[in-house]
Amino acid sequence: GIPRNMTGFAEKLREAGYRTHMTGKWDAGMAYWEQTPMGRGYETFFGYYHHAEDYYSQRLSSSGPPDVCGNMVDLWNTTGPARDRNGTAYVEELFTENTM
């Protein structure tokens, strides 16, 4: 993840009084809360963490037999899985709906 002594963009925006929302692929850590978008200053988040998300089902995909992740859904809405949203539309459409 991003080192904690580095100030993120969202943290600076919030200091200036702006509201913050992150949409899309978060690739800056997730092992600890402090590495998630909310731990880095975003108020809300709608997106995914892993590198192999299927754009239609929002499940982790693989080219071979199921791995340790199985059919895990990788679509998140701030603090938990967006179970009611996965598989309802192409992921870019979902991102647009949650950004506008």
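As the structure is a computational prediction, the values presented were derived from the model and not from experiment.

Observations concerning the overall build of the chain
Piece 1. Along the chain, the regular secondary structure elements total 2 helices and 4 strands.
Piece 2. Along the chain, from the amino end to the carboxyl end, the secondary structure elements read α-β-β-β-β-α.
Piece 3. Expressed as a percentage of the 100 residues in the chain, the buried residues total 37%.
Piece 4. A fraction of 51% describes how many contacts in the chain between residues 6 or more apart in sequence connect residues 24 or more apart.

Comments concerning the pairing of strand E2 (residues 44-48)
Piece 1. Among the 5 residues that make up E2, 4 are buried, leaving the element largely enclosed by the rest of the structure.
Piece 2. Bridge count between strand E1 (residues 21-25) and E2: 5 bridges; the pairing is parallel. Bridged to Lys-25 within E2 is Tyr-48.
Piece 3. The pairing of E2 with strand E3 (residues 76-77) spans 2 bridges and is antiparallel. Paired with Gly-47 across the strands is Trp-76, a residue of E3.

Re unusual backbone geometry
Piece 1. Of note in this structure, Thr-78 is not a glycine but carries a positive phi near 60 degrees.
Piece 2. Along the polypeptide, Thr-78 turns up in the loop between E3 and strand E4 (80-81).

What to know about the environment of Phe-46
Piece 1. Along the chain, Phe-46 turns up in strand E2.
Piece 2. Between the C-alpha atoms of Phe-46 and Gly-80, which are 34 residues apart in sequence, the distance is 9.7 Å.
Piece 3. Those residues in contact with Phe-46 that lie beyond four places of it in its chain are His-21, Met-22, Thr-23, Gly-24, Leu-75, Trp-76, Asn-77, Ala-82, Arg-85, Leu-94, Phe-95 and Asn-98.

Conventions and cut-offs
- Residues numbered from 1 in each chain as written.
- Predicted model: local features only at pLDDT ≥ 70, side-chain atom pairs only at ≥ 80, totals over all residues.
- Heavy atoms only, no water.
- Helix = DSSP H or I, 4+ residues; strand = E, 2+ residues; numbered from the N terminus.
- Buried < 20%, exposed > 50% of the residue type's maximum accessible area, 1.4 Å probe, protein only.
- Contact = heavy atoms within 4.5 Å.
- Pairing = 2+ DSSP bridges.

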